[in-house]
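Structural overview
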Amino acid sequence: MTPDSFSDGGRWFEPGDAITQGLRLAAQGADLVDVGGESTRPGAERPSVDEELRRVLPVVRELAGAGVSVSVDTMRAQVATRALELGAALVNDVSG
């Protein structure tokens, strides 16, 4: 969910695209789909909390609602809390 993602080059930046990809991964057998709204590549700028929430929450809501096990990749407690409330199964905090 970042325009400069090191893993997908921003291909799944739009929520609808990310949801489609998450469902595709689950259908292909993924046990867990990790959703993040902040790039962890060296030199990446941090989005605001509001921007990270805007990126992540719709995707978590839709995937979890479809029965996909979702991990939220965030370093922010506010984002983690909201994602868990929407059905995320775990938090992937890369800061620690």
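Whatever comes next refers back to the structure up there.
Conventions we followed
- Residues numbered from 1 in each chain as written.
- Predicted model: local features only at pLDDT ≥ 70, side-chain atom pairs only at ≥ 80, totals over all residues.
- Heavy atoms only, no water.
- Helix = DSSP H or I, 4+ residues; strand = E, 2+ residues; numbered from the N terminus.
- Buried < 20%, exposed > 50% of the residue type's maximum accessible area, 1.4 Å probe, protein only.
- Contact = heavy atoms within 4.5 Å.
- Areas by Shrake-Rupley, 256 points an atom, 1.4 Å probe, with all protein chains shown as cover.
- Pairing = 2+ DSSP bridges.
- Axes fitted to C-alpha atoms, helices over the stretch in contact; angles between N-to-C directions.
- Core = buried A, V, L, I, M, F, W, Y, C linked by side-chain atoms within 4.5 Å.

A short note on the overall build of the chain
A count of helical and extended segments in the chain gives three helices and three strands. In the chain, which comprises 96 residues, the share counted as buried stands at 38%. In the chain, the proportion of contacts linking residues at least 24 apart, taken out of those at least 6 apart, comes to 55%. Counting every atom, the chain has about 5,300 Å² of accessible surface; 49% of that belongs to carbon and sulfur.

Side note on the sheet that holds strand β1 (residues 33-36)
Here three strands make up an open sheet; going across it, the order is β1-β2-β3 and the pairing parallel. Edge positions in the sheet fall to β1 and β3 (90-92), since each has one partner strand and no second. On average, each strand axis in the sheet is inclined to that of its neighbour by 35°, with strand direction left out of account. Where β1 meets strand β2 (residues 70-73), four bridges bridge the pair, whose relative direction is parallel. Bridge pairing in β2 links V33 to V70.

Brief notes about the nonpolar core
The biggest cluster of nonpolar side chains holds 17 residues, and the ones touching the most others in it are V35, V59, V60, L63, V70, V72 and A83. Of all the elements in the fold, those that place two or more residues in this core are α1 (15-27), β1, α2 (49-65), β2 and α3 (77-85). Top element by residues in this core is α2. It accounts for seven residues.

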